[in-house]
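# Residue-level structural notes
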Amino acid sequence: MIITTILNIVIGGLIMGGIYAIISMGLSIQYGVARILNVSHGEIIMFGALLTWALQSSGVHPMLALLIGCPAAFIVGFVLHRTIYKRLKDISPTQGAFEGNAMLVSFGIMYVLANIAMMIWGNQQKGYSFMAYAVNFAGTSIPVNRLFVLVIALIVSVLFYLFLTRSRLGKSIRAASQDATAAMMMGVKINRVAAICFGIGAVLAAIAGALISMIYQVNTTIGLGYTVIAIIVVVLGGMGSVPGSMLGGFILGFIGSAVSYKDPSLSMVAYYLIIMVLLLVKPKGLLGR
Amino acid sequence: MTMLEVSNINCFYGNVQVLWDVSLKVEQAEIVALLGANGAGKTTLLNTITGLMRPKSGHVRFMGESLDNIPSHAILERGIAYLPEGGRLFPEMTIRENLEMGAYPMSLWKHRKENMERVFELFPKLKERQKQLACTLSGGEKQMLAMARGLMSNPKCCLFDELSYGLAPIVVTEVFNIVKSLREQGITVLLVEQNVHQTMEIADRAYVLENGRIVLDGQCCDLVNDDYIKKAYLGL
């Protein structure tokens, strides 16, 4: 009995952690390179989820929906940076002013996106059944769709990590997040890389949204909650550190899973408690510099 | 042949003029020192040469071609490597990755493996420790890595900003020996320094920048006997 409980918590933690890791890596790369704390991140997650639902209900397989959603999300992120944030950067007198202004603008974008979604889809819960059968493992039954989501989340995390550490573009992204001026001196076109990072962040958000729609009911108001979680994870892992976001995502996932086992409504309380303690004890985050 | 020619540069930060009618010339395979106190405008001049800043008036020419409208990454590809003050390594990247970043522009990226082998010959210690993170290196090793990263673009001309800053005297000698070996390989060096004594020993010529103006220039062997230099910079 106790083993089944632990197993349930671990599996739940892995699944939540995987999703948290993806959304936080997205937020982290956007902040790390473009220096924008993107509050509208959760709205892209929400769009990813509802778009997957909408396509699914017109007969498109959710994974195929992802193939449509990813390029679309990249374009949205890239264009948002090119049209709004880059201009904002050009007219902001200092880096600090830019970071403040950019966050305010992202609040605005959050409301715009949330209301567009509300106009399209209303505010009802949407859900669909996807791989709705279970396998038995060590005396507990695990829904297959959750395992599927976990596998996809792990694959995406590993691919993203390999992209950052192995590819030329990935290395330039890491360099730009560590020292933007030095990266420019090396010949990195910093505005282009920032726009690409913004696009990649949106892609990760859209993937997370699609995965969420496969296991939970979704609606047009879920965005902000995920933004808050992503910010908590990024602070927990260390601002701008992608491995930190991955680690923080899984830690928060496990804690959320354990607390939810007692009472789901307490998970947010637990997250805020963690962040309060962390800011007092280790304000730079677990892997922060 | 004249490698680098700066003519009549005037530079501003906002409304404040920091360089006044600055001109200098660096011949091929020469080590030229740019001396001056803090705030004299030395780094601004290097930033202007590498296209990170643009002058209000005046021109920069490299191997006879104008750099006035060339973006900074293209200036790097033409063969000017810039080593900023303090090295500015990427602390959370390995030695190898830092070196790769030195060959980032596409035309250089293709040759990064050969260039890395060449650079490792000059800095064998870095080869042994190529998987180590840059933030774990000592001050001297960091400066070596910064030089190595600069050389990854296979430059014809190197601009070094305060190479000796914060280094132990014995490490300064080691670093300056490498600068001398670059001259032997035909690489032109413009060396910005505050360590006037040791710089005069390795440089061929020197310019002295004060409050944004070139106040003195000449062969180092003449300058060390100059009364003004002796008094203001050598403390004699």
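Residues numbered from 1 in each chain as written. Chains lettered and ligands numbered in written order. Predicted model: local features only at pLDDT ≥ 70, side-chain atom pairs only at ≥ 80, totals over all residues.

### Side note on the overall build of chain A
Heads up, the rule is: A run of H or I in DSSP counts as a helix once it spans at least four residues, and a run of E counts as a strand once it spans at least two, with each numbered from the N terminus. To get the radius of gyration, use the C-alpha atoms; to get the globule rule, take the number of residues to the power 0.38 and multiply by 2.2 Å. Think of it as a crowd count around each C-beta: if 20 or more other C-beta atoms lie within 10 Å the residue is buried, if 12 or fewer it is exposed, and in between it is partly exposed, with C-beta placed from the backbone throughout.
The helix and strand tally for chain A stands at eleven helices and two strands. Ordered by position from the N terminus, the helices and strands of chain A form the series α-α-α-α-β-β-α-α-α-α-α-α-α. By the compact-globule yardstick of 19 Å for 289 residues, chain A fits well, its C-alpha radius of gyration being 19 Å. Reported as C-alpha extents along the three principal axes, the dimensions of chain A are approximately 60 × 45 × 35 Å. When the 289 residues of chain A are sorted by exposure, 45% land in the buried category.

### Regarding the confidence of the model for chain B
Note the cut-off: For every residue, the predictor assigns a confidence score, pLDDT, that lies between 0 and 100.
Looking at chain B, pLDDT values average 91 and 100% of them are 70 or higher. Within chain B, the element-level pLDDT minimum falls on helix H11 (residues 227-232) of chain B, averaging 80, and the maximum on helix H3 (residues 95-101) of chain B, averaging 95.

### Comments concerning the interface of chain A and chain B
The line we're drawing: By definition, residue pairs are in contact when their C-beta atoms, positioned from the backbone, come within 7 Å. Note on residue classes: Ala, Val, Leu, Ile, Met, Phe, Trp, Tyr, Cys and Pro are nonpolar, Asp, Glu, Lys and Arg are charged, and everything else, Gly too, is polar.
Tallying the contact residues gives 14 residues for chain A and 17 residues for chain B. Listed by contribution, the elements that provide at least two residues to the side of chain A that touches chain B are helix H6 (168-178) and helix H7 (180-185) of chain A. For the side of chain A that touches chain B, the element with the most residues is H6(A), which contributes six residues. Tallied by class, the residues present in the side of chain A that touches chain B amount to six nonpolar, three polar and five charged.

### Structural notes on the nonpolar core
The cut-off we apply is this: A set of buried Ala, Val, Leu, Ile, Met, Phe, Trp, Tyr and Cys residues, joined through C-beta atoms within 7 Å, is what we mean by a nonpolar core. Each domain span listed reflects an automatic or database assignment of domains.
Formed by 150 residues in total, the largest nonpolar core has its most connected members in Ile23(A) and Leu191(B). Ranked by residues supplied to this core, first place goes to helix H8 (residues 190-215) of chain A with 18 residues. Mapping this core onto the domain boundaries places at least three of its residues in each of domain 1 (2-79 + 155-232) and domain 2 (91-151) of chain B. Every residue in contact with Leu191(B), bar those within four places of it in the chain, is listed here: Ile31(B), Val32(B), Ala33(B), Leu34(B), Phe160(B), Leu163(B), Val179(B), Thr199(B) and Ala203(B).

### Some words on the pairing of strand E3 (residues 31-35) of chain B
Residue and element names in this part refer to chain B. Here is the rule we go by: Strand pairing is assigned whenever DSSP detects at least two bridges linking the two strands.
For E3, the tally of buried residues reaches five of five residues, placing the bulk of the element in the interior. The alternating pattern of E3 places Ile-31, Ala-33 and Leu-35 and Val-32 and Leu-34 on opposite faces, both of which are buried. Here E3 runs beside strand E8 (residues 188-193); their pairing, made up of five bridges, is parallel. Looking across to E8, one finds that Ile-31 is bridged to Val-189. Here four bridges tie E3 to strand E9 (residues 205-210), and the two strands are oriented parallel to one another.

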